[in-house]
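A closer look at the structure
One letter stands for each residue in the lines below.
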Amino acid sequence: MEFSGREIKDILISTLVIGFSFAWVTRDNPDYLRFNFVEVFIIMLFAVGSAFILHELAHKLSAQNFGCYAEYKMWETGLILAFFMAVSPLKIVFAAPGAVYIAPGRFGLTKKQDLIISSAGIVTNIALAIIFSVIARILPFGFASIAFSVAAMVNSWIALFNLIPIPPLDGSKVIRWNFGAWLALGAAAFLAWNGL
């Protein structure tokens, strides 16, 4: 996987802003009252970073695997909205940090390749949700188990959200190319959301 300097900067900024926004909104949640803000921020960096950034990097890796140009670019307006909506009295997180922009190689993409690229982020979120859920159950209750539990929840939610068949969400492409694959991913994401 190849990264430009700008892309690394965009990934870091996106992760920090979205992590902060989620931490700020949830800091008064009774589940987190035992932690200070820095600890909640670390939990959210881990949870949101794994869910959003690894989702996008899965698209990037699969696209590059098929000879495409693929680069993550932050959406500055989305990040500014996320920050100000989080710190406002509304306490809402508008989570649209950016996306991987893909340009097919000189031979284009087959239907199957486009389906794989479109599904990659969702599959990554489902796999992470399952792995993190298992780890959270194995660990003794505390900071680490809560961090993994939150990361499992956020990853499963991002998978479900991205399966909505409305452009530009991934679900609109997956359902267009293969309805059966869309149903299977939906079932897996739903099971992950419910803790298997």
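Quantities reported herein were computed from a predicted structural model and do not represent experimental measurements.

**Focus on the overall build of the protein**
Along the backbone of the protein there are seven helices and two strands. From first element to last, N terminus to C terminus, the protein shows the α and β order α-α-β-α-β-α-α-α-α. Over its C-alpha trace the protein gives a radius of gyration of 17 Å, about what one expects of a compact globule, namely 16 Å for 196 residues. A total of 196 residues make up the protein; the buried ones form 43% of that total. Considering only residue pairs separated by 6 or more positions, the protein has 72% of its internal contacts joining residues 24 or more positions apart. Accessible surface, the protein: about 10200 Å² in total, of which carbon and sulfur atoms supply 70%.

**Notes on a nonpolar patch on the surface**
On the surface, Met153, Trp157, Phe161, Ile164, Ile166 and Trp193 cluster together to form a nonpolar patch covering roughly 570 Å² of accessible area. For the nonpolar patch, the leading source of residues is helix α5 (residues 143-162), giving three residues. In this structure, Ile164 sits in the loop between α5 and α6 (170-177). Taking the relative accessible area as the measure of exposure, Ile164 reaches 32% and is therefore partly exposed.

**Focus on the nonpolar core**
For soluble globular proteins, the rule of thumb is that nonpolar side chains tend to be buried together. Membership of the largest hydrophobic core comes to 35 residues, with the highest contact counts inside it found for Ile18, Tyr32, Met44 and Val150. Among the secondary structure elements, those contributing two or more residues to this core are α1 (5-26), α2 (37-65), β1 (69-74), α3 (76-87), α4 (111-138) and α5. At 11 residues, α2 tops the list of elements feeding residues into this core. In contact with Val150, not counting residues within four places along its chain, are Tyr32, Ile43, Met44 and Ala47. Ranked by size, the runner-up nonpolar core spans nine residues in total, among them Leu115, Ile126, Ala159 and Ala189.

**Section: the environment of Lys60**
Checked against the element boundaries, Lys60 lands in helix α2. In this view, Lys60 contacts Met1, Glu2, Phe3, Glu7, Ala70, Glu71 and Val100; residues no more than four positions away in its chain are not counted.

**Digging into the pattern of salt bridges**
All chains considered together, the criterion is met by three salt bridges. One salt bridge in this structure joins Glu7 and Lys60, with 2.9 Å as the shortest N-O distance. Placement of Glu7 in helix α1 and of Lys60 in helix α2 is noted, with a sequence separation of 53 residues between them. With a closest N to O distance of 3.8 Å, Arg176 and Asp114 form a salt bridge. Of this pair, Arg176 sits in helix α6 while Asp114 sits in helix α4, and the two are 62 residues apart along the sequence. For Asp114, a relative accessible area of 18% translates into the label buried.

**A short note on unusual backbone geometry**
Following Pro167, the chain continues into Pro168 via a peptide bond in cis, with omega recorded as 10 degrees. Even without a glycine there, the phi angle at Lys91 is positive, about 50 degrees. Classification of Lys91 as partly exposed rests on a relative accessible area of 36%.

Conventions used here
Residues numbered from 1 in each chain as written. Predicted model: local features only at pLDDT ≥ 70, side-chain atom pairs only at ≥ 80, totals over all residues. Heavy atoms only, no water. Helix = DSSP H or I, 4+ residues; strand = E, 2+ residues; numbered from the N terminus. Rg over C-alpha atoms; globule rule 2.2 N^0.38 Å. Buried < 20%, exposed > 50% of the residue type's maximum accessible area, 1.4 Å probe, protein only. Contact = heavy atoms within 4.5 Å. Areas by Shrake-Rupley, 256 points an atom, 1.4 Å probe, with all protein chains shown as cover. Patch = residues over 30% accessible without salt bridge, like charges linked within 9 Å, V, L, I, M, F, W, Y side chains within 5 Å. Salt bridge = Lys/Arg side-chain N within 4 Å of Asp/Glu carboxyl O. Core = buried A, V, L, I, M, F, W, Y, C linked by side-chain atoms within 4.5 Å.

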